[in-house]
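Here is how the chains run, residue by residue.
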Amino acid sequence: MSTQTETRGASTPAAPQEVVTQALVRDVQLPGGAGVMALITMDNGRDHTRPTSFGPGGLAAMDAALTRVTERAAAGEIVAVGLTGKPFFFCAGADLTLAATTRTAQEAEQAGQYGHAVFRRLGELGVPSFAFVNGVALGGGVEVALHCTYRTISGGVPALGLPEVFLGLIPGWGGTYLLPNLVGPAKALEIIIANPLNNSRTISGIEAHRAGIADAIFEPADFLEQSLVWAAAVLTGQIEVRRPEIDRDEAVWEAALAEAKKVADGKVNGVAPAPYEALDLVRLARTADRDAGFAAEDAAIARLILSPEFRSGLYAFNLVNKRAKRPAGAPSRDLARPVTSVGVVGAGLMASQMALLFARRLQVPVVLTDLDQERVDKGVAYVHGEVEKLLAKGRISADAASRLTGLVTGSTDKGAFAGADVVIEAVFERMDVKKQVFAEVEAVVAEDCILMTNTSSLSITEMAADLKNPERVVGFHFFNPVAVMPLVEIVKGERTSDVALATAFAVGAKLKKSCVLVKDAPAFVVNRLLTRFMGEVLAAVDAGTPPEVADTALDPLGLPMTPFTLLQLVGPAVALHTGETLHEAFPERFGTSTFLARIAEAGLPAVWSTAADGKPYLSDQVAALLPAGGTPLTVEQVRSRALEALAEEIGIMLSDGLVVGPEDIDLCMLLGAGWPFHLGGVTPYLDRSGIAERVVGRRFLPQGVASVPA
Amino acid sequence: MPGSLRDVVFVDGVRTPFGKAGEKGLYAQTRADDLVVKCIRELMRRHPQLPPERIDDVAIAATTQIGDQGLTIGRMAALLAGLPKSVPGFAIDRMCAGAMTAVTTTASGIACGAYDVVIAGGVEHMGHHPMGEGVDPNPRIVAERLVDTSALVMGQTAENVHDRYPEITKERCDAYAVASQARLAAAYAAGRIQRDLVPVATRHVEQGWGLATADEPPRPGTRMEDLATLKTPFRPHGRVTAGNAAGLNDGATACLLASADTAAELGLPARMRLVGYAFAGVEPEVMGVGPVPSTEKALARTGLTIDDIGLFEINEAFAVQVLAFLDHFGIKDDDERVNPDGGAIALGHPLASSGVRLMTQLARHFETNPQVRYGLTTMCIGIGMGGSVIWENPNHSDFGKERPAA
């Protein structure tokens, strides 16, 4: 037996950490006397928490199974081959943890070639093949189905997609060739490029069927049975599968490609290579034969898999999907207090948005308070209005709407907080005001009520200092808009207790937010870094750099928006306030900008005005505010100053122990500032561009974490 | 509410292939409730003219109503099958006659005007729920000798029936069993069984997905000499063996019942008309004799005699219990009218599901035997009962004339 094991070990290139997906084959008697089908189940032997994926071992298992069924097809023992997945999962595609270990272009190309070599056999068996897409199908999981002759899909499939471009890859096991040739270029590009770049959007089984990816759709209750009945009818000629003819006119393809390129430009601005590789491959798919199409995919994969953008993307993906679920440094979940009622101090827009979110996610009573009845009424009315909108959109039922409406009430008397387990304040951003509010709240709430502050820049420690129970105060910093932005910075003051902290993390998780633990320091992580970065851009303008030069200097990073667009979103007055706070704290690094001060003082909403044709321009009013600096910078100078400033600031934050590690800085930038995956947040980019080494004297992340291993 | 009773018709019945209980069985890793769901969906698929919201109740029987047979299985199966949420459902239990009782109970509801259309059926996954799982017999049963302890072990009750009727020998039982296997094999060869089977996708962690399309228990080609040497597990030197009894099985059944006028309104086939039914109790130690008094009672209540019955579907829990019934009514062991396509000894008896299987097969026999006017479905029931349901054949020339009082 040992010999056998060794032989197998040698011939099966299973990487050590691969959870190998087996290709289990069983014969099924097709209904209606259509004959025997060899039905392959892709199953990694784990439950639904571990989706089936393909690494080298899984591909080898599939290869071996396909060899057997090909022989049996030739021997006339089977009339067809079926392919399906374990319950709820068809297949989640390539095992990317293994892709991250690829070090050479040759290895990468071989991985692509092996996938092609195995999967294409499904279309070359000598008998028809049927993919029965019973559950989630992603990436290579979609591609393996595309190689089959026919496809059915379950109406219960929650997600089907080709997310590769989102991570910095392309669908390289046949997707860019087979999909456009099945559904046409426009739909294919939507799935290959637009959806992944749109927060990795996926489509449902129903949408996939409508798009022509599947030939037939059946309800989940007896999906496989009905798929087999359908397959039998196809095999016996009772059902003829008709697919629309693909228009191969070059102009049609180019129009679709141009449309998709516009989407890619809007998202990554030409910076990340993956979507553009995908565009080229889809263009090729119009004329290329299968061999040429697949070979081009192999070459593209070889380029991309070693690209820093993909390594950063994969790193970012793991942060967002793993680290964000288990926040580093958070105390034990068991310490969290149950939250059965919440108080919100302030009834302004932010406070009202918070009240709505607490009511929706925690499903507990929420009381809003403010100084006068008019503000309270306005705040409550806002929440009730939003609930009405959700109801009108069909997002919630009438019962749920009435429950939510009943949960949110208002009062001018903080005594209404008497029974609250958590009170969060969102009042004016001034220390004396916040201290006053907490003192009043402490007078009415129970001893163990947790007090949270949504401050974006003030000290938690100082805010708690005069309270009887300062350990109950914890920072809970949302980003605007509260309902949309996925990040909450949870701030630990000097005296903040583990119970308060654990409760904050538990509440954050229930709000479906990703939480990062931050020590009490001015402006925490996201605002501090954005302010520092913005400070350099504004300083350049103060020095006489034309605004259009300063504002486009960062374009090569592919950020979600330019610095001045961000300034407009935040509001010049708020940005000025945060800037002043940070200037007071760290005057040597955070300057004050004359230009910003003038814009804020003039009450202007933005640097750029928008012309009738939608193009931005500098109004005379703003132009008049430009400082007459005599030392204008080039774009390169602005960019390197801004990035060096970022690196310096991150280096200081890390050595001050503000967060557990650089991963938390990146998580904050990904989720709080929307910085792109291809930068890995920020530190992978600062490492790979050499800026970290130059400014801080070391890399932030070891080689191999968000880069090709040494 | 109408002042008079309405006619109830059997529209259609289906079942899953029956499997052998246990780790190696067909349904080892398939849920019991999913078996029911497949049956309900097949009924709906076969009768697209039936608006699902017209179903007034879903009665599903199971002997052990926990785990994947719990949670008010009729209601849950209806939801899982995708019937509208407005369709109610319930769980029902009369041991082996669960599905039969689901039919008689809901049929009575139709007759009195509470329902127009119902789904009735049953399930037993004896692999997941071995007989007696979780039971807690009252200690008074032993203390007061209310029932002999053998009454709770069905094989022992069958041995007790042998004691009561010494003329029913092991050889007669084995011969009956051989015939049951042969009749089923012939029916399979002619394609008569398959047409009412619902294929079931069966998932297995180590083997992947398969498809159940045929019964697993049958042993075609069984001969007397194969059975002669089998062990008698219930009693040393006893007579009851695995060969002359039904096995331990997994499976589900379901049927559509409707009032005759609703069936006509919706264009649903009326394949049998319910004439009447009865249940009767006997000593639990000899539960196998139950069909005798229940049939006598059903005949008496419908004004029929045993001679009016042209076809019998009697459940074969044990050959001895069938032979006791046949002896009582003076019917030969190999009478062609009795279980013409074989029975549970060959194809299995997933307890609470079997009643509807009997009816589904009788409905098929009615189609090919228009000369037969009345048929009987009957079964013995654990803890000492029998159940009998008499049906009329709509294909008979006298159908609808001079009906006996229901």
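As the structure is a computational prediction, the values presented were derived from the model and not from experiment. All residue numbers refer to position in the chain's written sequence, counted from 1. Chain letters and ligand numbers both follow the written order, the letters beginning at A and the numbers at 1. Predicted model: local features are reported for residues with pLDDT of at least 70 only, side-chain atom pairs are reported and counted for 80 or more only, and whole-chain, interface and lining totals are derived from all residues.

Colleague: What is the right way to look at the overall build of chain B in this model?
Modeller: In DSSP terms, a helix is any run of H or I states spanning at least four residues, a strand is any run of E spanning at least two, and both are numbered starting from the N terminus. Summing up its helical and strand segments, chain B has 12 helices and 12 strands in all. Just to be clear, the radius of gyration here is over C-alpha atoms, and the globule rule we use is 2.2 Å times residues to the power 0.38. Computed over its C-alpha atoms, the radius of gyration of chain B comes to 20 Å, within 12% of the 22 Å expected for a compact globule of 406 residues. The C-alpha extent of chain B, read off along each of the three principal axes, is 60 × 55 × 50 Å. Comment: burial labels come from other C-beta atoms within 10 Å of the residue's own C-beta, placed from the backbone, where a count of 20 or more is buried, 12 or fewer is exposed, and between is partly exposed. Across the 406 residues of chain B, 58% fall into the buried class.

Colleague: What's the story with the environment of B:I381 in this structure? I'm lost.
Modeller: Residue and element names in this part refer to chain B. Looking at where I381 falls in the secondary structure, it is placed in strand 11 (residues 374–381). On the basis of neighbour counts, which here come to 29 C-beta atoms within 10 Å, the residue I381 falls in the buried class. Each C-alpha atom of the pair I381 and R172 lies 22 Å from the other, and the pair is 209 residues apart in sequence.

Colleague: Got a minute to help me understand the interface of chain B and chain A in this structure?
Modeller: In many reports, interface size means the accessible area that the parts give up when they come together. Counting residues at the interface gives 17 residues for chain B, matched by 18 residues for chain A. For the side of chain B that touches chain A, the element with the highest residue contribution is strand 7 (residues 208–212) of chain B, accounting for 4 residues. Here the term charged refers only to Asp, Glu, Lys and Arg, the term nonpolar to Ala, Val, Leu, Ile, Met, Phe, Trp, Tyr, Cys and Pro, and the term polar to all other amino acids, Gly among them. Its residues assigned to classes, the side of chain B that touches chain A shows 9 nonpolar, 5 polar and 3 charged. The contact criterion used here is simple: two residues whose C-beta atoms, placed from the backbone, lie within 7 Å are in contact.

Colleague: Before we go on, may I ask you to explain the sheet that holds strand 7 (residues 150–154) of chain A in this structure?
Modeller: Hydrogen bonding along the main chain pairs the strands of a sheet, whether they run parallel or antiparallel. Residues and elements named next belong to chain A. Taking strand neighbours across the sheet as the criterion, the 6 strands line up as 1-2-3-5-7-9 in an open arrangement whose pairing is mixed. Both edges of this open sheet fall to strand 1 (22–30) and strand 9 (216–218), since each of them pairs with a single strand only. The average angle at which neighbouring strand axes cross in this sheet is 25°, direction not considered. Whether two strands pair depends on DSSP finding at least two bridges between them. Note that strand 7 and strand 9 share 3 bridges and pair parallel. Within strand 9, the position partnered with T152 by the bridge is A216. Most of the contacts of helix 2 (residues 56–74) go to strand 1, to which it runs at about 30°, and overall it touches strand 1, strand 2 (35–43) and strand 3 (80–85). For helices, the axis comes from a line fit to the C-alpha atoms of the stretch in contact; other axes are also lines fit to C-alpha atoms, and the angle between any two N-to-C directions lies between 0 and 180 degrees.

Colleague: What is the right way to read the nonpolar core from this model?
Modeller: Inside soluble globular proteins, nonpolar side chains tend to come together where they are buried. In plain words, the nonpolar core is the set of buried Ala, Val, Leu, Ile, Met, Phe, Trp, Tyr and Cys residues that C-beta atoms within 7 Å link up. A:A355, A:I490, B:V36, B:I60, B:V103 and B:L257 are the most contacted members of the largest nonpolar core, which totals 364 residues. Discounting residues that sit within four places of it in the chain, A:I490 has contacts with A:V474, A:G475, A:F476, A:L501, A:A504, A:F505, A:G508, A:C515, A:V516, A:L517 and A:V518.

Colleague: What am I meant to see in helix 5 (residues 154–164) of chain B here?
Modeller: For helix 5 of chain B, every residue scored as buried is listed here: B:M154, B:T157, B:A158, B:E159, B:N160, B:V161 and B:H162. Where the residues of helix 5 of chain B are buried, they touch helix 10 (319–329) of chain B.

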